[in-house]
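Residues per chain, in single letters:
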Amino acid sequence: MPVIVWGVLAVAGAWGVGYAADKAGDAAGQGAKLAKWGAVAGGVYLGYRAAKAGGYLK
């Protein structure tokens, strides 16, 4: 293959790896947000159950 074809393939590969890394980073960030809100919801639920078991709520 000519050198220019190898250059185009290298640039396309570098761009593809960068794009995939960006999307993976976005997915990781979204997963962290979901885990954070899941922990918050779990804490609220446990607080509610504790208050109800302690007789503070009817």
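In short, a report on the structure. (Residues numbered from 1 in each chain as written. Predicted model: local features only at pLDDT ≥ 70, side-chain atom pairs only at ≥ 80, totals over all residues. Heavy atoms only, no water.)

A few points about the overall build of the chain
Here comes step 1: Each helix and strand in the chain was counted, giving 1 helix and 0 strands.
Here comes step 2: The globule rule puts the C-alpha radius of gyration for 58 residues at 10 Å, and the 25 Å found for the chain is more than 25% above it.
Here comes step 3: Across its three principal axes, the chain shows a C-alpha extent of roughly 80 × 10 × 10 Å.
Here comes step 4: Looking at the 58 residues of the chain, the share that counts as buried comes to 2%. (Helix = DSSP H or I, 4+ residues; strand = E, 2+ residues; numbered from the N terminus. Rg over C-alpha atoms; globule rule 2.2 N^0.38 Å. Buried < 20%, exposed > 50% of the residue type's maximum accessible area, 1.4 Å probe, protein only.)

Side note on a nonpolar patch on the surface
Here comes step 1: A cluster of nonpolar side chains, I4, V5, W6, V8 and L9, forms an exposed patch at the surface whose accessible area comes to about 510 Å².
Here comes step 2: Topologically, V8 is positioned in helix α1 (residues 3–53).
Here comes step 3: Taking relative accessible area as the criterion, V8 reaches 53% and is therefore assigned exposed. (Patch = residues over 30% accessible without salt bridge, like charges linked within 9 Å, V, L, I, M, F, W, Y side chains within 5 Å. Areas by Shrake-Rupley, 256 points an atom, 1.4 Å probe, with all protein chains shown as cover. Salt bridge = Lys/Arg side-chain N within 4 Å of Asp/Glu carboxyl O.)

Interpretation note: all reported values are geometric properties and have no functional meaning in isolation.
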